[in-house]
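Overview (structure and organization)
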Amino acid sequence: MEYDKKIVNRLKRSDGQLHGVLNMMEEGKDCVDIVTQLSAVRSSIDRAISLIVAENLVECVQENIKDGSTGEERIQQAIQLLMKSR
């Protein structure tokens, strides 16, 4: 599977945010600010997970239309991945 550049960039931003949180902790910043930033990182990663699963599901459905199969197993797998990320 080829990953969308937007998703890769989102994860790079999340990585930068996480490093920023570590710096905040080393600097002894207020816990409220740290938790706020960690929540932002979590939201960004959750969104990336959703986008990856959605893209995979679209590819799966398109392949199954070509093959004439339902792809029920792959669809259930995508649903399980989404449920696991929550």
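Residues numbered from 1 in each chain as written. Predicted model: local features only at pLDDT ≥ 70, side-chain atom pairs only at ≥ 80, totals over all residues. Heavy atoms only, no water.

Per an unreviewed UniProt entry, the protein chain goes by Copper-sensitive operon repressor and derives from Aerococcus viridans.

1. Regarding the side chain of Ser44
As for its position among the elements, Ser44 is in helix 2 (residues 31-67). Take Ser44: its relative accessible area is 10%, and that puts it in the buried class. (Helix = DSSP H or I, 4+ residues; strand = E, 2+ residues; numbered from the N terminus. Buried < 20%, exposed > 50% of the residue type's maximum accessible area, 1.4 Å probe, protein only.)

2. Brief notes about the environment of Lys84
With respect to the secondary-structure elements, Lys84 resides in helix 3 (residues 72-84). Take Lys84: its relative accessible area is 69%, and that puts it in the exposed class. Counting along the chain gives 64 residues from Lys84 to Gly20, while the straight-line C-alpha distance between them is 27 Å.

3. Some points on helix 1 (residues 5-26)
Given 3.6 residues to a turn, an α-helix orients residues that are three or four positions apart in the same direction. Taking 1.5 Å per residue, 22 residues should reach 32 Å; helix 1 reaches 32 Å between its end C-alpha atoms and fits that length. Three or more residues of helix 1 are buried, namely Ile7, Ser14, Val21 and Met24. Projection of helix 1 onto a plane perpendicular to its axis shows the buried side chains occupying an angular sector of 85°, all on one side. The exposed residues of helix 1 that point more than 90 degrees off its buried face are Lys5, Lys12 and Glu26. (Expected span 1.5 Å × (residues − 1). Arc of directions from axis to C-beta.)

4. Here we look at the side chain of Ser14
If you trace the backbone, Ser14 turns up in helix 1. Residue Ser14 is classed as buried on the basis of its relative accessible area of 3%. For Ser14, the residues in contact, after removing those within four places along its chain, are Val41, Ser44 and Ile45. (Contact = heavy atoms within 4.5 Å.)

5. Observations regarding the environment of Ser43
Tracing the backbone shows Ser43 in helix 2. On the basis of relative accessibility, which here comes to 48%, the residue Ser43 falls in the partly exposed class.

6. Here we look at the environment of Gln76
Take Gln76: it is sitting in helix 3. Since its relative accessible area comes to 35%, Gln76 is described here as partly exposed. Sequence separation between Gln76 and Gln62 is 14 residues; the distance between their C-alpha atoms is 16 Å.

7. Quick look at the confidence of the model for the protein chain
In this model, the protein chain carries a mean pLDDT of 85, and residues with pLDDT of at least 70 account for 91%. Element-level mean pLDDT values for the protein chain span from 74 in helix 3 up to 94 in helix 1. (pLDDT = per-residue confidence, 0-100.)

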